[in-house]
Each structure stands twice: as C-alpha cells, then as structure tokens.
Amino acid sequence: ADIISTVEFNHSGELLATGDKGGRVVIFQQEQENKTQSHTRGEYNVYSTFQSHEPEFDYLKSLEIEEKINKIRWLPQKNAAQFLLSTNDKTIKLWKISERDKRPEGYNLKEEDGRYRDPTTVTTLRVPVFRPMDLMVEASPRRIFANAHTYHINSISINSDYETYLSADDLRINLWHLEITDRSFNIVDIKPANMEELTEVITAAEFHPNSCSTFVYSSSKGTIRLCDMRASALCDRHSKLFEEPEDPSNRSFFSEIISSISDVKFSHSGRYMMTRDYLSVKIWDLNMENRPVETYQVHEYLRSKLCSLYENDCIFDKFECCWNGSDRQVEFSALYIVVMTGSYNNFFRMFDRNSKRDVTLEASRENNKPRTVLKPRKVCASGKRKKDEISVDSLDFNKKILHTAWHPKENIIAVATTNNLYIFQDKLN
Amino acid sequence: MFVRGLKRKCFDGEEDIEGTLAGIKAIPSYNLQRQSLLDMSLVKLQLCHMLVEPNLCRSVLIANTVRQIQEEMTQDGTWQMINTQSTGQASLDRLVSTDILCRSSRDSAEGKHVPAYGTFNKDFESDQAQDRTETMSTASSVQAPRNLQSNVWEMENPQENKGNFQKSLDQIFETLENKSPNSVEDLFSEVDNSYYDLDTMLTGMMSNTKMGHCDSLETFSPPTNTASNSNCKSDLSDLDHIVEILVES
C-alpha cells in the first residue's frame, strides 16, 4: 500500500504531493530558505498526510474499486488554503488543505476544555482572544465528483480558466465545473456501439496551458488528438491528429503495444507537447501533425527484449514524463528545455533539447550517498561490458520509475521509485 | 511436450521473435514462436485478476496482438493446412504449459530480481517431431480468441470476475473439444451489452442510446436480456436479484 502512484509539485513549488496505492496523500513542504545558508535550498519535510480514497465495492458488478490514487493536480492558490484534486479509478475529490496556528481562548460561557460553565457563576465578561498554538494542517474534502465514469480514470487536468477541469477514462472524457458535483459534460466518447469492435482506448488527456477551449488526448495506438471545444459539444472529431508513420524496419507483433502513449504533457508555453511511449519520448510542435520534431530513445536496448517484457507484463508499464520548470525554460534569453522520464533499475533519464545531450541517473540509496553528486550510469546493450556499465540482463525490472516531477521554478526534481521518494537538486555554487 | 523441470535451452539471439528465414530449421521456429506468442496472449486475456476490473488498455492491446497473429496466420496459409482433429488434450497441455511459464515469470517478477530473459525460451528444438501436432492443435486454441475479445471487454461482465476465470477457462476447453463454433459464439454472445446498459443506467450516465436500452430493461422484454439472465451462473444471483427488484418496481 506504500507504492507511490503519483507525484506532483504545486504551482509555487513549495508543496509536493504524492499519492499511493493505499489511497493516501502525503504532502511535503519546502523549508523556507535560510539566508545564511545560501548554498542549499530548503529541504522537503512532511506537511500533511490524509486518506483521500477508501476501497469501495461495486455491488452491481461485484468488483472492488481500488483506492489507489491515479493522479493529483493542484489548483493555483487563491487564498490562504491550498486545493488539490485527487482521483482514483472512479471518483475525483477536491481537497482543501489549510493551516491552523491560532485558537480562540477566553470564552465566557465555556471552559477551556469545552464544558459549559454554569451561567450563574459568570460575574464578569471578557472578550475572547486568539492565542498561538502548534501548527495544525487540516485536510478536508470539499467536493466529491462521482459516478461519471464507467471505465478507469487515467487523467485529470485543470483548465486554464481555473473553473473547469476534465477527467478522462479509457473511453470517455468528461468536463466538470469545480463547483458542481452532480453534473458533468461528456466531451469525448470513443466507445463503439459494439464492444467487440473496440481496438483503441484513451490513455491520457490534458488541457492546453493557455487556451481554455483546447485539449489533447492520446491513445493506445500512438495517436494524439487535439480538440477544440468551440467546434462542437461532443468533440469526437479532432481538430488535429498527431501521428508518426510507423518505421517498417522495426515492425513486429509488439509494434502497436510499444507505440501506445502512456503520458502526454504540454510545454509551459503551450507551443509544444511531449508524449511518452514504451521506448521513447517525442516532442511535437502543435503546428506539425505528421511527425514529432524530436525523438529521444529512453532505453532502446529493450527493443530486442520485447518478447520477454511482454511475457512478464513490463511492456504495459506506463511511464510518465515531465518538462523542466517554466521559469527555467526561458533562461539566458534562449530556450532552455530539459525533459525527464523514468526507466527500469531505478534509472531515470534527462534529455537536454539544446545541447542534445542526455544523461542516465539512478535513484538508489545504496549507490548514492546523500548530498553527493549523482554519477551518470550507462547500460551496455551488447558486446563487451565496460567497467561501471551495467548489462541489460542484470537490470532489475521490478525497480521501475514511473513517476517523476520537476519543480516549476527551480532545478529540483522529485523521483518516485516503487516505495520511496527521492528529491534531487542541481548543485549550487 | 513441455515437462516441468525440463531445462529450457537458450536460443542464439534469443530475443528476436521475427527470426531469420535462413535455413529450413528457422522457418518452423518462427511459426512456433508465433504460436507460443499467441498462446501466451490468450492466457493473458484469460488470467485477469478477478477481484478488480482488469486493465482495459492492456486487454485491448493483447487482443489486438492476437488479431494480428491470426491475420498473419491466415495470410500465411498456416491456417488452412490445419486439420481440425480433436486434439483437445494437446491444446490443454499447451495452454497449461504457457500458463506455467507465465506464472513462474510473474512470481519471479513479484519480489525477486530475476532477469526476465531466458524465460521465454521454449524447448522446441528438442521436439521437432511434435511440431506437427502442435501446429494442428493451434486451430482449436485460435478459434477462441475472436470470441474471447468480446468476453474480455464486457469486463463489466460478471462472468470473469468473482474468481471465475477458472470456470471460463474450462468453458474454453469444453468448447475446444466440442469443436462447434456456433456453441462458442453462443457461449460468449450471452455476455452481451445488456450488462453495460444496466451499468450505465445505474451509474446515471446520460446518453440517448442508453436510455433506449434502459426502457427495455425495465420491461424486461428483449430476448437477449432474458437469455443472458437465465444463463447467469449461480453466483450472479446478486445481479438477478437486483434486476428482479427493478422489474417488479
């Protein structure tokens, strides 16, 4: 139940939320920077823990509904409290996280412990005052958005209008208003009339960061569709279809499976989007539909092992990907873009768009002492293994990094292995 | 052919399922690899974890793979040359042996660090004589997939859940031995859209098409509904009960 299933920074980067298979949400808060210790950024410590979803039983279908948190998305902060959406397979919840560090004391009719005083003993009146108390962080569910998904929810995305959001399951996408829980609009429906004809499912969906009527959704066949809600109420017809033609030389029985897109993320500018399929990360320019502008190979050495990976089900692992922070993307008057994604053996990869360099790092306590610089790793695909290289056959496929997140402003990253969360930052000089 | 404890041999270039067409020995190897991939896929479709709804994406991808293999086998002519002898026994062995293979790899994937490679190595080379029986028995196992697909998505179907996968597997074996495609179709057609409709109606989804079905469900008139409900297993009594309540109200 401690398996981490989602990781997300809030808009300021001060808070980092993780969701796990047991339905819990744990929020970490960054310590305020110490002016005297300018060489380190604040550490992240546990701020709040709460049970977001409980396991449920669907009596009609006699099936359990898992409490595993599939996605967390933060709302931008509007007042002192923080809000986030968390979802399991069927239900989305809006949580309010607020702090309490004062409490009223000096009531006239109540004792400090809450018991009522005998009114006849009251001889003077006083005005209650707020006195400081130990900080308490409370999480309370403010909205519950339920019963709108027949299939498993895989994505939620908050619109740039900050009033609506979408939720996507395998076959449908619904549009909600954050204030309204008893209604949602269905905006995409790819369920065929005859389920025997089903060959494609929705794998991820996201709203455009700037245009509140635009969203994309990816499919298990490796396509991405961009839809405009102004075109029609039901966006079954896409405005743009992004698909790269298949490389005939690489064709195998597994071609379709590995082309299935597991994650799609817009760049902060909204000009590009990134998709993750089993072996690669692709960057697409929204103005060009017929092929990506860049493709990065995450672990090409697995291509020859697809049959084994199919057998042990690893080929169905859904890796996520992320962009570096928005502030960082425009730096030194040039676009500075890095993308990150996970792999096996607790490795994760980063690709620098400008320099075209890439690096493989490992999230592991045994191999990295705290506060030391991570050593780049290399996988030896075939042939003679050099010193410090790891051969493909000794990779541990149980140690997978599916979820990673990048701080919106700093070069701080959160990397989730199966049970642990690692936070790395770049070296400050 | 596949005996537990028998040491599996590595292929050279174990990984490449396409193989090369160099040499006559390589050609049956490709067919056999393809066949075992097909069997593995069928078993995966069946061995869904029953308490929780199986992953629809995964099921769709596996079913598409099965379809691809089928299409290729049809084009190859491998399909036609198959004599549909009743080789129920052999096909049972095959499915079970693949199951053993999958289970052992899954178990090892559970906790230990075991390299995934080398497990998908069948001991075909030592059993060349068995090739013919194996290809012949493919017919039976492959006929099932088309209907299996409908069986899978209707996941919302109560048939697979409640730990009943063993029962559905038995059904597959039964139908394989009977060799009557019609019965196979009937078997899986009973798991039809009516469950979806009940589903969507009761989860409050608003959709015109569904509304029509809702009406019919309430009056309980369409033959498909009655057929499906009457063919429900005893452990679908919950569903029956609920439907009865609906009808009576």
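Given the structure is predicted, the values throughout are model-derived calculations rather than measurements.

K.L.:
Can you explain the overall build of chain A? Please cite residues and give values.
P.N.:
Per the secondary structure count, chain A includes three helices and 33 strands. On C-alpha atoms alone, chain A measures out to a radius of gyration of 24 Å, which is about the 22 Å that the 2.2 N^0.38 rule sets for 429 residues. Over its C-alpha atoms, taken along the principal directions, chain A stretches across nearly 95 × 60 × 45 Å. Buried residues in chain A amount to 54% of all 429 residues. Considering only residue pairs separated by 6 or more positions, chain A has 51% of its internal contacts joining residues 24 or more positions apart. As displayed, chain A offers around 20300 Å² of accessible surface, 49% of which is attributable to carbon and sulfur atoms.

K.L.:
Break down helix α2 (residues 56-76) of chain B for me, with residues and values.
P.N.:
All names here are of chain B. A rise of 1.5 Å per residue sets the reference length of α2, with its 21 residues, at 30 Å; its end C-alpha atoms lie 30 Å apart and thus fit the reference within 8%. Extensive coverage of α2 is indicated by the burial of 15 of its 21 residues. Here α2 starts with a cap whose side-chain oxygen sits 3.1 Å from the backbone nitrogen of Cys57, and that cap is Asn55.

K.L.:
Got a sec to walk through the packing of aromatic side chains? Specific residues and values, please.
P.N.:
Residues and elements named next belong to chain A. Enumeration over the complete set of coordinates arrives at 17 aromatic pairs over all chains. When the centroid spacing of 6.1 Å and the interplanar angle of 10° are considered together, the rings of Tyr165 and Trp176 count as stacked. In this pair, Tyr165 sits in strand β12 (residues 164-168) while Trp176 sits in strand β13 (residues 172-177), placing the two residues eleven residues apart along the sequence. Here the two residues Tyr165 and Trp176 agree in accessibility, since each one is buried. Each member of the aromatic cluster is reached from another via a ring pair, and the members are Tyr278, Phe319, Tyr344 and Phe397. One residue, Arg353, lies across the ring of Tyr272, its end atom 4.5 Å from the ring centre.

K.L.:
Break down the sheet that holds β13(A) for me, with residues and values.
P.N.:
Residue and element names in this part refer to chain A. Pairing is antiparallel in the open sheet, where four strands are placed in the order β11-β12-β13-β14. Each end of this open sheet is capped by a strand with a single partner; those strands are β11 (155-158) and β14 (180-189). Recorded for the sheet is a direction-independent mean angle of 25° between the axes of neighbouring strands. Where β13 lies against β14, five bridges are found, and the strand directions are antiparallel. Bridge pairing in β14 places Ile173 opposite Val188.

K.L.:
Tell me about unusual backbone geometry, and name the residues and values.
P.N.:
Residues and elements named next belong to chain A. Its identity is not glycine, yet Tyr162 carries a phi of approximately 60°, on the positive side. Mapping Tyr162 onto the fold places it in the loop between β11 and β12. What makes Tyr162 partly exposed here is its relative accessible area of 42%. Positioned with a positive phi, Asp313 is a non-glycine residue whose angle comes to about 75°. With respect to the secondary-structure elements, Asp313 resides in the loop between α2 (306-311) and β23 (321-323).

K.L.:
How would you sum up the nonpolar core? Please name residues and give values.
P.N.:
Among the nonpolar cores identified, the biggest contains 43 residues, and Phe254(A), Tyr278(A), Leu302(A), Leu309(A), Tyr310(A), Ile315(A) and Leu395(A) are the most heavily contacted of them. Elements supplying a minimum of two residues to this core: α1 (255-259) and α2 of chain A together with α1 (26-46) and α2 of chain B. If one sorts the elements of this core by residue count, α2(B) sits on top with eight residues. Leaving out residues up to four positions away in the same chain, Tyr310(A) has contacts with Phe254(A), Ile257(A), Ile315(A), Phe316(A), Leu37(B), Met40(B), Ser41(B), Lys44(B), Ile62(B) and Thr65(B). Core analysis: the next-biggest nonpolar cluster, separate from the first, contains 14 residues, Val338(A), Met350(A), Ile401(A) and Trp406(A) among them.

K.L.:
Can you lay out the pattern of salt bridges for me, pointing to particular residues and giving the numbers?
P.N.:
Residues and elements named next belong to chain A. Taken as a whole and assessed by the stated rule, the structure comprises 32 salt bridges over all chains. In this structure, Glu294 and Lys356 form a salt bridge, with 3.6 Å as the shortest nitrogen-oxygen distance. Here Lys356 lies in the loop between β27 (347-352) and β28 (358-362) and Glu294 lies in strand β22 (residues 294-297), a separation of 62 residues in the sequence. For Lys356, a relative accessible area of 51% gives the class exposed. Among the salt bridges present, the one from Lys375 reaches Asp388, with a minimum N-O distance of 3.8 Å. Here Lys375 is found in the loop between β28 and β29 (378-380), whereas its partner Asp388 is found in the loop between β29 and β30 (389-391), with 13 residues between them in sequence. Judged by its relative accessible area of 41%, Lys375 falls in the partly exposed class. Each of Asp2, Asp20 and Arg24 takes part in one network of salt bridges that share partners.

K.L.:
Got a sec to walk through the sheet that holds strand β1 (residues 4-9) of chain A? Specific residues and values, please.
P.N.:
Residues and elements named next belong to chain A. Taken in spatial order, the four strands make up an open sheet running β1-β2-β3-β4, and their pairing is antiparallel. Of all strands in the sheet, those with a lone pairing partner are β1 and β4 (44-51), marking the two edges. Here the average twist between neighbouring strands, direction ignored, is 20°. As judged from the seven bridges shared by strand β3 (residues 24-30) and β4, these two strands associate in the antiparallel manner. Within β4, the position partnered with Val25 by the bridge is Phe50.

K.L.:
I'd like to hear about the confidence of the model for chain B, residue by residue, with values.
P.N.:
Residue and element names in this part refer to chain B. Here chain B averages 51 in pLDDT, while 18% of its residues score no lower than 70. Contacts of residues 81-152 to residues separated by more than four positions or lying in other chains number 138 contacts, the stretch itself having pLDDT below 50. Overall fold confidence for the complex sits at a pTM of 0.72, while the interface term, ipTM, reaches 0.91.

K.L.:
Provide a residue-level description of the side chain of His299(A), including the pertinent values.
P.N.:
Residue and element names in this part refer to chain A. In this structure, His299 sits in the loop between β22 and α2. Overall, the relative accessible area of 0% leaves His299 in the buried class. A distance of 2.7 Å separates polar atoms of two side chains, one belonging to His299 and the other to Ser343. Ignoring sequence-local partners within four residues, the contact set of His299 consists of Arg276, Tyr278, Leu279, Phe319, Ser343 and Tyr344.

K.L.:
Talk me through the pairing of β27(A); I want residue IDs and the actual numbers.
P.N.:
Residues and elements named next belong to chain A. Among the six residues of β27, six are classified as buried, and the element is accordingly described as predominantly covered. In β27, alternate side chains face the same way, and those of Phe347, Arg349 and Phe351 on one face and Phe348, Met350 and Asp352 on the other are all buried. Note that strand β26 (residues 338-342) and β27 share five bridges and pair antiparallel. Note that in β27 the partner of Thr341 across the bridge is Arg349.

Conventions and cut-offs
- Throughout, a residue's number is its position along its own chain's written sequence, starting from 1.
- Each chain gets a letter, beginning with A, and each ligand a number, beginning with 1, in the order they are written.
- The predicted origin of the model limits local features to residues at a pLDDT of at least 70 and limits the giving and counting of side-chain atom pairs to 80 or more, whereas totals for whole chains, interfaces and linings rest on all residues.
- The basis for every side-chain value is the complete set of non-hydrogen atoms in the structure, without hydrogens or water.
- Only DSSP runs of H or I reaching four residues or more are called helices, and only runs of E reaching two or more are called strands; each is numbered from the N terminus.
- Radius of gyration means the value over C-alpha atoms here, while the globule rule gives 2.2 Å times the residue count to the 0.38 power.
- For every residue, the accessible area obtained with a 1.4 Å probe (protein chains only) is divided by the maximum for its type, and the residue is called buried under 20%, exposed over 50%, and partly exposed between those limits.
- Every residue pair with non-hydrogen atoms within 4.5 Å of one another is taken to be in contact.
- For every accessible area listed, the method is Shrake-Rupley and the probe measures 1.4 Å; residues are considered covered only by the protein chains on display.
- Take the number of residues in a helix, subtract one, and multiply by 1.5 Å to get its expected span.
- Think of a polar contact as two N or O atoms within 3.5 Å of one another; within protein, one of them needs to be a possible hydrogen donor and the other a possible acceptor, and neighboring residues in sequence only count if both atoms come from side chains.
- For Phe, Tyr and Trp, rings pair up if their centres lie within 6.5 Å, where Trp contributes its six-membered ring, and each pair is then called stacked (planes under 30 degrees apart), edge-to-face (over 60) or tilted (otherwise).
- Charge over a ring is defined by NZ of Lys or CZ of Arg lying within 6 Å of the ring centre and within 35 degrees of the ring normal.
- Paired strands are those between which DSSP finds at least two bridges.
- Axis definition: a line fitted to C-alpha atoms, limited for helices to the stretch in contact. Angles are taken between N-to-C directions and run from 0 to 180 degrees.
- Put simply, a nonpolar core is a bunch of buried Ala, Val, Leu, Ile, Met, Phe, Trp, Tyr and Cys residues held in one set by side-chain atoms that sit within 4.5 Å of each other.
- What makes a salt bridge here is a side-chain nitrogen of Lys or Arg within 4 Å of a carboxyl oxygen of Asp or Glu, nothing more.
- Confidence of the prediction at every residue is given by pLDDT, a number between 0 and 100.

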